[in-house]
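Report on the structure
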Amino acid sequence: MAVIGINTAGINNIESLVHAIREHKENGFDLVEIALDICPLIIGGNINSSYVHYFHQQIKSCGLLYSAHIGTGLNIRSRDQFEVHKNALFASIDVCSGAEIPALVLHFEEESPYSYIEDRFYETHYKAAEHAAKRGVTLFMENIEVENYRPVLEMVKTFNHPHFKMNLDFGHLYLSAQHFGYSFEDAVRDCAPFVGHCHLNDNPGMFDPMRLSNFDLYRTKPMGMRISFGEGDIHMPPFSCNVPLEFGIQELKKHNYHGIYVCEYYNHMFKPFNREIQEQVRNKIDTL
C-alpha cells in the first residue's frame, strides 16, 4: 500500500506543528513532511541540540511517519556566505538523524554561470551524502520550476549514491516543461528509474516569468492573487488542475516505485477537504 504524506503549510512554531500533525493523522495521512525552518532547530548554521531533542519528543508522540524539507534560503552556491550555508546543510542532516527522520528533501535551484561554484556545489553535496549515510538519512534532490530537470537527473546519476536520490516534483516539472519547451511525459520517463521520493501538487501550467526576472518582486505577489489567476507554482491539491499526475504515477509504478507520495499543497487553505483529498490520492495510486 502506498505511503501518502502531506507537507507542513502555514506553520511557524512547534505548537502549531503538533496540532497540524494530529489533524493530518485524523485525516488519514501516513506521513508528514516537516520544513526544518518552522522552529529554531538550527541557529547560525549550527544544530540547536536541546531544541532538536524537544522537537523529536513532540513529533514522536503524534505517532506518524516523517520526512523533512530543507529550510528556506539554503544556498550552497552562495559566493559570500558559503560556509554558513554548508554548515546549515550538514546541521539539517544531523537534525534529521537526531529526530529519527530518515529522508531530507533538498532544492537544486538555478545553475550558476561560474564553474568553480558549480564544482563546489557538487562536491559539497557528495560530502553531504556521505555524511547522511553515516547518520541514517537519505537526501533527495528536487527539481524546481525555474530549471530544466536534466541537471538534477544527471547529478543523481553521476553520484550513483545509495543515500542521494531524486525527489520528483510533478508540479514543478510541468511548469518547467511549459517554459523550456520539452515533453513532460518524456521527462517523467527519463526520471522514473532514479526517483526515491515524490511530491504531488497541481497547477494550470502557466509559468510566471517574473520568477526568473525579479524573484524578490515575485515573492511579494499575494498568493491569493496568484491562485486566482493560476500564476506559476501555486501548489494546489493533486488532481485539481492540469498536471498529468495519473501519467506520472503510472510511470513511477512501472519502475516499481515504492517510495512516499507527499501531497505538497497549501493544505491550511483546504482544511475542510483534506480528508477527501487524501482519500482521492490514495485511491488513484492504488488503482492506477
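Above this note sits the structure.
A few points on the structure.

Some remarks on the overall build of the chain
Of the regular secondary structure elements, the chain holds 12 helices and 10 strands. In summary, the chain has a C-alpha radius of gyration of 18 Å against a globular reference of 19 Å for 288 residues, a match within 12%. On the principal axes, the C-alpha backbone points of the chain span a range of 45 × 40 × 40 Å. Taken across its 288 residues, the chain has 54% of its residues classed as buried. Pairs at least 24 apart in sequence give 82% of the contacts found in the chain among residues at least 6 apart. Accessible surface computed for the chain: about 12,700 Å², of which carbon and sulfur atoms make up 50%. Each charge class in the chain was averaged separately, 24 positive and 36 negative side chains, and the resulting centres sit 4 Å apart.

Overview of the pattern of salt bridges
Tallying each qualifying case throughout the model produces 15 salt bridges. Glutamate 279 is paired through a salt bridge with arginine 275; the nearest N and O atoms lie 3.7 Å apart. Residue glutamate 279 and its partner arginine 275 are both found in helix α12 (residues 274-287); the two are separated by 4 residues, about one turn of the helix. One salt-bridge network, held together by shared partners, links Glu109, Glu145 and Arg211.

Some thoughts on helix α2 (residues 49-60)
Between the first and last C-alpha of α2 there are 16 Å, a value that for 12 residues agrees with the 16 Å anticipated at 1.5 Å per step. All of the buried residues in α2 are Tyr51, Val52, Phe55, His56 and Ile59. For α2, the arc enclosing every buried residue in end-on projection is 140°, short of the 170-degree limit, so these residues lie on one face. Of the exposed residues in α2, those oriented more than 90 degrees away from the buried face are Ser50, His53 and Lys60. Looking at the buried residues of α2, the elements they touch are α1 (14-26), β2 (31-35), β4 (46-47), β5 (65-69) and α3 (82-98).

Description of unusual backbone geometry
Non-glycine residue asparagine 160 carries a positive phi angle of around 45°. Among the secondary structure elements, asparagine 160 is positioned in the loop between α5 (150-159) and β8 (164-169). When its relative accessible area of 66% is taken as the criterion, asparagine 160 is described as exposed. Its identity is not glycine, yet histidine 235 carries a phi of approximately 45°, on the positive side.

Re the side chain of glutamate 118
The topology assignment puts glutamate 118 in helix α4 (residues 115-135). Side chain to side chain, glutamate 118 and arginine 77 meet in a polar contact 2.6 Å long. Within the structure, the side chain of glutamate 118 is placed 2.8 Å from the backbone nitrogen of serine 112, a separation counted as a polar contact. Ignoring sequence-local partners within four residues, the contact set of glutamate 118 consists of Arg77, Glu111 and Ser112.

Looking at the sheet that holds β5
In spatial order, the strands read β1-β2-β5-β6-β7-β8-β9-β10; together these 8 strands close into a barrel with parallel pairing. The average angle at which neighbouring strand axes cross in this sheet is 30°, direction not considered. The pairing of strand β7 (residues 138-142) with β8 spans 4 bridges and is parallel. Bridge pairing links methionine 141 to methionine 166 in β8.

The rules behind the values
Residues numbered from 1 in each chain as written. Predicted model: local features only at pLDDT ≥ 70, side-chain atom pairs only at ≥ 80, totals over all residues. Heavy atoms only, no water. Helix = DSSP H or I, 4+ residues; strand = E, 2+ residues; numbered from the N terminus. Rg over C-alpha atoms; globule rule 2.2 N^0.38 Å. Buried < 20%, exposed > 50% of the residue type's maximum accessible area, 1.4 Å probe, protein only. Contact = heavy atoms within 4.5 Å. Areas by Shrake-Rupley, 256 points an atom, 1.4 Å probe, with all protein chains shown as cover. Lys, Arg positive; Asp, Glu negative; His and termini not counted. Charge placed at Lys NZ, Arg CZ, Asp CG, Glu CD. Salt bridge = Lys/Arg side-chain N within 4 Å of Asp/Glu carboxyl O. Expected span 1.5 Å × (residues − 1). Arc of directions from axis to C-beta. Polar contact = N/O pair within 3.5 Å; in protein donor to acceptor, adjacent residues only side chain to side chain. Pairing = 2+ DSSP bridges. Axes fitted to C-alpha atoms, helices over the stretch in contact; angles between N-to-C directions.

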